[in-house]
Amino acid sequence: MGFNCGIVGLPNVGKSTLFNALTASAAAAAANFPFCTIEPNVGRVAVPDERLGRIALIAKSAKVIPTQLEFVDIAGLVAGASRGEGLGNQFLGHIREVDAILHLLRCFDDPDVVHVGGTVDPLRDAEIIDTELMLADLDSLERRLVGLLKRARGGDKDAKESLAVAERAAAVLREGRPARTVLVAEEEKKAFAGLQLLTSKPVLYVCNVEEGDAAAGNALTARVAAQAAREGAAAVIISARIEAEVAELAEDERSEYLASLGLTETGLTQVIGAGYGLLELITFFTAGPKESRAWTIRRGTKAPAAAGVIHSDFEKGFIRAETIAYDDFISLGGEQPAREAGRMRSEGRDYLVADGDILLFRFNV
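Residues numbered from 1 in each chain as written. Predicted model: local features only at pLDDT ≥ 70, side-chain atom pairs only at ≥ 80, totals over all residues. Heavy atoms only, no water.

Q: Would you take a moment to explain the overall build of the chain for this structure?
A: When its secondary structure is counted, the chain shows 14 helices and 12 strands. The proportion of buried residues among the 365 residues of the chain is 47%. For the chain, the proportion of contacts with a sequence separation of at least 24, taken over those separated by at least 6, is 69%. Just so you have it, the chain exposes about 17500 Å², and 51% of that area is on carbon and sulfur atoms. (Helix = DSSP H or I, 4+ residues; strand = E, 2+ residues; numbered from the N terminus. Buried < 20%, exposed > 50% of the residue type's maximum accessible area, 1.4 Å probe, protein only. Contact = heavy atoms within 4.5 Å. Areas by Shrake-Rupley, 256 points an atom, 1.4 Å probe, with all protein chains shown as cover.)

Q: How should the pairing of strand S6 (residues 203-208) be read in this particular structure?
A: The side chains of a regular strand alternate between the sheet's two faces. Counting buried residues in S6 gives six out of six residues, a clear majority hidden from the surface. Here S6 shows a buried face lined by Val203, Tyr205 and Cys207 and a second buried face lined by Leu204, Val206 and Asn208. Judged from the five bridges that link them, S6 and strand S7 (residues 234-238) form a sheet pairing that is parallel. Residue valine 206 lies in a different strand from S7, and its bridge partner there is valine 236. Of the crossover connections in this fold, the one passing from S6 over helix H7 (residues 219-231) to the parallel S7 is right-handed. (Pairing = 2+ DSSP bridges. Right-handed = clockwise from strand over helix to strand, strands pointing away.)

Q: Where do I start with unusual backbone geometry in this structure?
A: Keep in mind that most residues, glycine aside, have a negative phi and that most peptide bonds are trans. A positive phi angle is found at lysine 60, which is not glycine, with a value near 55°. With respect to the helices and strands, the residue lysine 60 is situated in the loop between helix H2 (50-59) and strand S3 (63-65). You can call lysine 60 exposed: its relative accessible area is 71%. One non-glycine residue, glutamate 280, lies in the positive phi region at around 55°. Position of glutamate 280 relative to the elements: it lies in the loop between helix H10 (267-279) and strand S8 (281-287).

Structure follows, in structure tokens:
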């Protein structure tokens, strides 16, 4: 299904406008006042992937089904949210449910659009959000540490592992750094994930600019890019207004419109690309006369787990995965020619699925 990404930011930075544009819907009310989004709106969009169309053409598929990306439009946070200010902790709970945080920052001046802080300063805005998330994490950890310490003293092995990670995370948060900066060993990752810390989630900074700055950015986006580089985060530049206009155009008109603005791809494509890299996601395909379909998994996923993305029975009864690399499928002209050329491989349980693999799962339940 792709991945689940929560759009966060201060009020009036363009979250709902971006959400509406990216999902080509009017589900979220875009209005020039704080807190116009009360409940988190959820929208799914097809992930653009030219490979899927090429595969479907060769396989002569009746249907083409792309994988999907889910956006959650989360209401604007304000300073003091961790203490219940604004609409408070209910929004922190919504953030806790997403895989990654898309942090939308206003990088444009417009006297007609009120900024809750009075002036436009994306790094200040980012710090406000980060601080609230870190305070919420620290409050959660300090309450949890009491119970973990008690259980660890009683000899609980799992509690001891969680306590060690939780204490390091709390120390980092007290220093004013997000939990994603904590060094976690491979064997500690499960315990760390169990803490469910808001600031452990990967962050993608999205700079919302005026139409004229969409191609090259501006001084504000340069500051955000530098900050993202220091944090090891990702940053992209988009114009929510352009995305809204693109969403209204026919498919064959979009490329021409983007080219007229000096752009080669939509903001949605940029967000997906950056998000995939951030979450280490890859795509595999299934193909046949009925349908060609794209599926999203994390890099390093083994064949049985990839089969489980399609159906749990595929994973339970997994026997093997008939595998063709994308380049071989395209250059040889499909499954049968690839099989005849010896380019279809039979892979077992330990096979790590590669990006672009065309897979046929053999299973028995």
